[in-house]
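Spelled out from the first residue to the last, the chains are:
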Amino acid sequence: MKIGFVTDTNILEKVQDELFASKGILDSTDIFTEYIKDLKEADVEKELMYFMPESILEELFTQRRIMFNEKYDKFRSSFLDMQYGLIGEMPTNNFESFVQKEKGKYYTKFKIIKLNYTAELLENLVNEAIQKKPPFDKSLYGKKSDAGFKDAIIWKTILQSKEIDECNLFYLFSCDKIFYDNQDYLYKDFKSIHKNTELKIVYFDPDGNQRQNVLQLLISENKLVETTVVKLYDKELILSNINQIKYDYSEEVAYINENKTLKLINILFNEFTIKDFFIDDVNEKNGKYEVVLSFKTSKYILDDSQEEKTRKLLGTIKLYFNLSNKRFELTSYKVDNVRFYSNQLNKLFSSIGESVAKIYSDEFKKSMESLRKALEINLEPLKDINFTSQLEDIKKALPAFDSIKEITNSLNSSKQFEELRKSLLAANDIVKSAHASNPIKYLDTNRIEDKSNKN
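Residues numbered from 1 in each chain as written. Predicted model: local features only at pLDDT ≥ 70, side-chain atom pairs only at ≥ 80, totals over all residues. Heavy atoms only, no water.

Novice: Explanation requested: helix 4 (residues 54–81) in the structure shown.
Specialist: Owing to its 3.6 residues per turn, the α-helix brings residues three or four apart onto one side. For helix 4, which comprises 28 residues, the first-to-last C-alpha distance of 40 Å matches the rise-based estimate of 40 Å (1.5 Å per residue) to within 8%. For helix 4, the full list of buried residues reads Ile56, Leu57, Glu59, Leu60, Phe61, Gln63, Arg64, Met67, Tyr72 and Phe79. (Helix = DSSP H or I, 4+ residues; strand = E, 2+ residues; numbered from the N terminus. Expected span 1.5 Å × (residues − 1). Buried < 20%, exposed > 50% of the residue type's maximum accessible area, 1.4 Å probe, protein only.)

Novice: Just checking my understanding: could you explain the sheet that holds strand 12 (residues 327–340) for this structure?
Specialist: By definition, the strands of a sheet pair up through backbone hydrogen bonds, in either a parallel or an antiparallel sense. Taken in spatial order, the four strands line up as 8-9-11-12 in an open sheet, and their pairing is antiparallel. Both outer strands of the open sheet, strand 8 (277–285) and strand 12, are each paired with one neighbouring strand and no more. Pairwise comparison of adjacent strand axes, ignoring direction, gives a mean angle of 15° for this sheet. Pairing analysis gives ten bridges linking strand 9 (residues 288–297) to strand 11 (residues 313–324), with the strands arranged antiparallel. Bridge pairing links Lys288 to Asn322 in strand 11. This element, helix 12 (residues 235–242), spans strand 8, strand 9, strand 11 and strand 12 of the sheet and lies at about 95° to strand 8. (Pairing = 2+ DSSP bridges. Axes fitted to C-alpha atoms, helices over the stretch in contact; angles between N-to-C directions. Contact = heavy atoms within 4.5 Å.)

Novice: Explain unusual backbone geometry to me, please; I cannot follow it from the model alone.
Specialist: With the exception of glycine, most residues fall at negative phi, and the peptide bonds are largely trans. In the Ramachandran plot, Lys223 falls in the positive-phi region, its phi being about 50° despite a non-glycine side chain. Its place among the elements puts Lys223 in the loop between helix 10 (210–222) and helix 11 (228–231). Owing to a relative accessible area of 70%, Lys223 belongs among the exposed residues under this scheme. Not every positive phi belongs to a glycine, and Asn325 is a case in point at roughly 50°. Structurally, the position occupied by Asn325 is in the loop between strand 11 and strand 12. Overall, the relative accessible area of 73% leaves Asn325 in the exposed class.

Novice: Hey, could you run me through the packing of aromatic side chains in this one?
Specialist: Ring pairs (aromatic) are described by centroid distance and by the angle formed between their planes. Per the counting criterion, the structure on display carries 22 aromatic pairs. Ring plane angle 90° and centroid distance 5.7 Å describe the contact between Tyr289 and Phe328, whose orientation is recorded as edge-to-face. One end of the pair, Tyr289, is in strand 9; the other, Phe328, is in strand 12, with 39 residues separating them in the sequence. Each of the two residues, Tyr289 as well as Phe328, counts as buried. Of the aromatic side chains, those joined through ring pairs into one cluster are Phe5, Phe32, Tyr50, Tyr106, Phe110, Tyr171, Phe173 and Phe204. (Phe/Tyr/Trp six-rings, centres within 6.5 Å; stacked < 30°, edge-to-face > 60°.)

Novice: How should the packing of helix 7 (residues 149–160) against helix 9 (residues 183–191) be read in this particular structure?
Specialist: Relative placement of two packed helices is described by the angle separating their axes and the distance separating the axes. It is at 9 Å that the axes of helix 7 and helix 9 come closest, and there the two elements cross at 35°. In terms of crossing hand, the pair formed by helix 7 and helix 9 is right-handed. Of the residues in helix 9, those in contact with Trp155, Ile158 and Leu159 of helix 7 are Leu186, Asp189 and Phe190. Across the contact of helix 7 with helix 9, the residue classes break down as five nonpolar, no polar and one charged. (Left-handed = near helix turned anticlockwise from the far one by under 90°. Nonpolar A, V, L, I, M, F, W, Y, C, P; charged D, E, K, R; others polar.)

Novice: What should I look at first to understand the sheet that holds strand 5 (residues 198–203) in this one?
Specialist: Spatial ordering of the open sheet is given by 3-2-1-4-5, a layout of five strands whose pairing is parallel. With partners counted over all chains shown, the strands left at the sheet margins are strand 3 (111–113) and strand 5, one partner each. Neighbouring strand axes in the sheet, compared pairwise and without regard to direction, differ in orientation by 25° on average. Bridge analysis of strand 4 (residues 169–174) against strand 5 gives six bridges, and the strand direction is parallel. Counterpart to Leu172 in the pairing with strand 5 is Ile201.

Novice: Help me out: how do you make sense of the pairing of strand 4 in this one?
Specialist: Remark: a regular strand shows side chains that alternate across the two faces of the sheet. Most of strand 4 is tucked away, with six of its six residues classed as buried. Neither face of strand 4 is open: one carries Leu169, Tyr171 and Phe173, the other Phe170, Leu172 and Ser174, and all of them are buried. Note that strand 1 (residues 2–7) and strand 4 share five bridges and pair parallel. Of the residues in strand 4, the one forming a bridge with Ile3 is Leu169.

Novice: When you look at helix 3 (residues 30–42) in this model, what are you seeing that I'm missing?
Specialist: In this model helix 3 runs 18 Å from its N-terminal to its C-terminal C-alpha over 13 residues, within 8% of the 18 Å that 1.5 Å per residue would give. If you check which residues of helix 3 are buried, you get Asp30, Ile31, Phe32, Thr33, Tyr35, Ile36 and Leu39.

Novice: Looking at this structure, how should I read the environment of Val214?
Specialist: Its location among the elements puts Val214 in helix 10. Note on Val214: relative accessible area 0%, which makes it buried.

Novice: So what exactly am I meant to see when it comes to the environment of Tyr187 here?
Specialist: Mapped onto the elements, Tyr187 comes out in helix 9. Counting along the chain gives twelve residues from Tyr187 to Leu199, while the straight-line C-alpha distance between them is 6.8 Å. If near-sequence neighbours (up to four positions away) are discounted, Tyr187 is found in contact with Leu199, Lys200 and Ile201.

Novice: What is the right way to read the nonpolar core from this model?
Specialist: Considering soluble globular proteins, one finds that nonpolar side chains tend to be buried as a cluster. Ranked by internal contacts, the top residues of the largest apolar core, which has 86 residues, are Phe173, Ile238, Phe269 and Val338. Membership of the second largest hydrophobic core comes to seven residues, among which are Leu115, Leu125, Ala152 and Ile153. (Core = buried A, V, L, I, M, F, W, Y, C linked by side-chain atoms within 4.5 Å.)

Novice: Help me understand the packing of helix 6 (residues 119–131) against helix 7 in this model?
Specialist: With their axes 11 Å apart at the nearest point, helix 6 and helix 7 run at an angle of 135° to one another. By the angle between their directions, the pair helix 6 and helix 7 is classed as oblique. Viewed along their axes, helix 6 and helix 7 form a crossing whose handedness is right-handed. Packed against helix 6, whose contacting residues are Leu121, Leu125 and Glu128, the element helix 7 presents Phe149, Ala152, Ile153, Lys156 and Gln160 at the interface. Of the residues contributing to the contact of helix 6 with helix 7, the split by class is five nonpolar, one polar and two charged. (Parallel < 35°, antiparallel > 145°, perpendicular 65-115°, else oblique.)

Structural data, given as structure tokens:
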């Protein structure tokens, strides 16, 4: 019996914080590829086949490429600013070479299926997008005619694949409900081409455990062999061991909140539940087992017990086991990469505060702190704005205005904008009077003032 499956991009993709920190791109597929390898050695009657649409691979690499280039550009900017005191050349961006190496390592582990892009296919995709045929999303009718386009590419790739005809049973796993909600329509579409293959469309919540849930379902529904490595994906088993470990991280972990530095004292691993961590990987080598976990929790202690815990604490744990008499025994562990979660606004405010504290005079610190607060006042409300909704509201309101000028006048009358402008003026005056030799660019406050007056 041959069982095939596809995992949609959202089953495999990493959160932004992981994309910045992770060295690998396709290591999120290890849970499947390693199990398939073990299954081949343990069960000759059933074969598990991992189909990978090429578009999914390219999307994963694109996500990682964007994150890498963003980080590289920041590194390059810092390097150029400090070049006067450095020896050596700026390292070259070698990410594409890294991509090719990872492709060479992983591509042989998948059954890669490609879409043949013909003029007829593209015309059909456009028509189906206009008609909102699944997997194009009807719920966004009138807002985005291309909603679901990537899902449509994946679906067309599956339909075109002749290799899928080798399978008795084929699964499509996704964290996007568009496939599951339209399964009746998609089943008919699939059956018209793959007449002898049964299709199952399965939805999982993107809760961090979706990969483990996919593997467990494949094993349970098809009565596949549960290998030793698979047994260590049991979150209850792993939790019982996490509850025993102690926080032993040597580096200082802290964040700044309203000019106050808050330090991490302890992580309450004994209070963890299965919702506080995810199992990223399980590795076996020479009869010993490594379980790699990532955690995101509010179960920690700060040096100020009165401070409200407003940020999640992130990190990784590596648990090391021996197998004795069919039981796993924890031999050691390592807690690593512990940090507080920071969104982009947090990072911006924090970096401004830290730079001021390290470099500038007390007078400049005071002015820059006013600037930081003004930025926070003006930018904080943007975090939760639904810009699509706001744009729709503006479009509806446009007929009520005589001109765009009236709109900008109403926006620029904000007291918050005036506070921001004054802070920029004060900071700029101090920079000019000090004849700062560092590579900070003067803020063009005249331009800001002119725009405020003109509008």
